[in-house]
Amino acid sequence: MPRKVIIGTYDTAVNGWTLAGYELAPPMWRESYIEVPGMDGLIDASAALTGEPRYDNRALEITLELSTGTRATREAAISAMIAGLDGREMRIIPPDLPDHNLVGRVHVSRQYNDLAHAQVIVTASCEPWQYKSLATVVTASGLSVTYKQLTLANEARPVIPTITVAQDTTLLWGGNEIALGAGTHRRPEIRLAAGDNTLSAKVASGTGSIEIKYQEATL
């Protein structure tokens, strides 16, 4: 399979481009220091809410080359890419992590188109996270009056899941019981950290089911 990048619905390999370069800047944590009179040191306001680091956007640069066709057809391909992609915020599937995507505003820059080949450079200012292309869904049926333990694996980004239960259900999270009525819920106290998280569920009587859905992301 050729190495490629998919930008929105634009597949660089399908459109004849060779991926000559791909560089995604490493994540850079954000800092916002505030001096408080009467206190030693500085307070970093960027981590004040949760104590976790926050990250700035990441610069992406993609170099594409095209040597097939005539100079005129290559020029048309460049124009079509600019018309379809430039200035738009899009999902970008990287070559080395095909089940994830970046989100960024794209700029297409024509470098040259000589008698032999053409080159464009695609840049984007991307959100810091590389999101899984598909949301993670964990389900369990046959819930009973005793707790059933569920393991919720999560990548690097903390996330609040969406929880759907078929009937009145009690959850056990971090040693605390949380009562949910039948339906779909998002509870801010249920926040998945990186790695394996444990959530337990039971119903008051009979049997029930639960669905937990969340968007994983890595840096």
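Engineer: Is there a simple way to think about the side chain of serine 200 in this case?
Structural biologist: Along the polypeptide, serine 200 turns up in strand 17 (residues 195–203). Overall, the relative accessible area of 8% leaves serine 200 in the buried class. Discounting chain neighbours no more than four positions away, the residues touching serine 200 are Tyr147, Lys148, Gln149, Thr170, Leu171 and Leu172.

Engineer: Even after reading the chapter, I still don't get the side chain of glutamine 119, so can you show me in this structure?
Structural biologist: Position of glutamine 119 among the secondary structure elements: in strand 9 (residues 118–126). Once residues within four sequence positions are removed from consideration, glutamine 119 is found in contact with Thr63, Leu64, Glu65, Arg110, Gln111 and Tyr112.

Engineer: Help me understand the pattern of salt bridges in this model?
Structural biologist: A complete count under the given rule lists five salt bridges for this structure. As a salt-bridge pair, aspartate 96 and arginine 3 come within 2.7 Å of each other at their nearest N and O atoms. Of this pair, aspartate 96 sits in the loop between strand 7 (89–93) and strand 8 (100–113) while arginine 3 sits in the segment before strand 1 (6–7), and the two are 93 residues apart along the sequence. Residue aspartate 96 is classed as exposed on the basis of its relative accessible area of 55%.

Engineer: Quick question: what am I supposed to make of the sheet that holds strand 13 (residues 162–165) here?
Structural biologist: Paired through backbone hydrogen bonds, the strands of a sheet run either parallel or antiparallel to each other. Taken together, four strands build an open sheet; the order of strands is 11-18-13-16 and the sheet is antiparallel. Across the chains shown, the open sheet's two edge strands, defined by having one partner strand only, are strand 11 (136–143) and strand 16 (183–185). For this sheet the average axis-to-axis angle between neighbouring strands, irrespective of direction, equals 15°.

Engineer: What's the story with the packing of aromatic side chains in this structure? I'm lost.
Structural biologist: Centre distance and the angle of the planes are the two values used to describe a pair of aromatic rings. The full count for this structure, using the stated rule, is one aromatic pair. Judged by centre distance (5.8 Å) and plane angle (85°), the rings of tyrosine 55 and tryptophan 129 are edge-to-face. Note that tyrosine 55 is positioned in the loop between strand 5 (43–44) and strand 6 (58–66) and tryptophan 129 in the loop between strand 9 and strand 10 (130–132), a separation of 74 residues in sequence. Both residues of the pair, tyrosine 55 and tryptophan 129, count as buried.

Engineer: Mind showing me how you'd approach helix 1 (residues 71–85) here?
Structural biologist: Residues spaced three or four apart along an α-helix point in a common direction, a consequence of the helix completing one turn every 3.6 residues. With 15 residues, helix 1 should cover 21 Å at 1.5 Å per step; its first-to-last C-alpha distance of 21 Å lies within 8% of that length. Where helix 1 is buried, its residues meet strand 1, strand 2 (10–11), strand 6, strand 7, strand 8 and strand 9. Backbone geometry just downstream of helix 1 places glycine 87 in the positive-phi region, at approximately 85°.

Engineer: Sorry if this is basic, but what is going on with the environment of tryptophan 129 here?
Structural biologist: With a relative accessible area of 13%, tryptophan 129 lands in the buried category. Each C-alpha atom of the pair tryptophan 129 and tyrosine 214 lies 15 Å from the other, and the pair is 85 residues apart in sequence.

Engineer: What's the story with the pairing of strand 8 in this structure? I'm lost.
Structural biologist: For a regular strand, the rule is simple: side chains alternate between the two faces of the sheet. By the bridge criterion, four bridges tie strand 7 to strand 8 in an arrangement that is antiparallel. Its bridge partner lying in strand 8, glutamate 89 is registered against arginine 105. Judged from the two bridges that link them, strand 8 and strand 10 form a sheet pairing that is antiparallel. Across the sheet, asparagine 101 pairs through a bridge with tyrosine 131, a residue of strand 10. Taken together, the nine bridges between strand 8 and strand 9 define a ladder with antiparallel strand orientation. Looking across to strand 9, one finds that valine 108 is bridged to valine 122.

Criteria and thresholds
- Residues numbered from 1 in each chain as written.
- Predicted model: local features only at pLDDT ≥ 70, side-chain atom pairs only at ≥ 80, totals over all residues.
- Heavy atoms only, no water.
- Helix = DSSP H or I, 4+ residues; strand = E, 2+ residues; numbered from the N terminus.
- Buried < 20%, exposed > 50% of the residue type's maximum accessible area, 1.4 Å probe, protein only.
- Contact = heavy atoms within 4.5 Å.
- Salt bridge = Lys/Arg side-chain N within 4 Å of Asp/Glu carboxyl O.
- Pairing = 2+ DSSP bridges.
- Axes fitted to C-alpha atoms, helices over the stretch in contact; angles between N-to-C directions.
- Phe/Tyr/Trp six-rings, centres within 6.5 Å; stacked < 30°, edge-to-face > 60°.
- Expected span 1.5 Å × (residues − 1).

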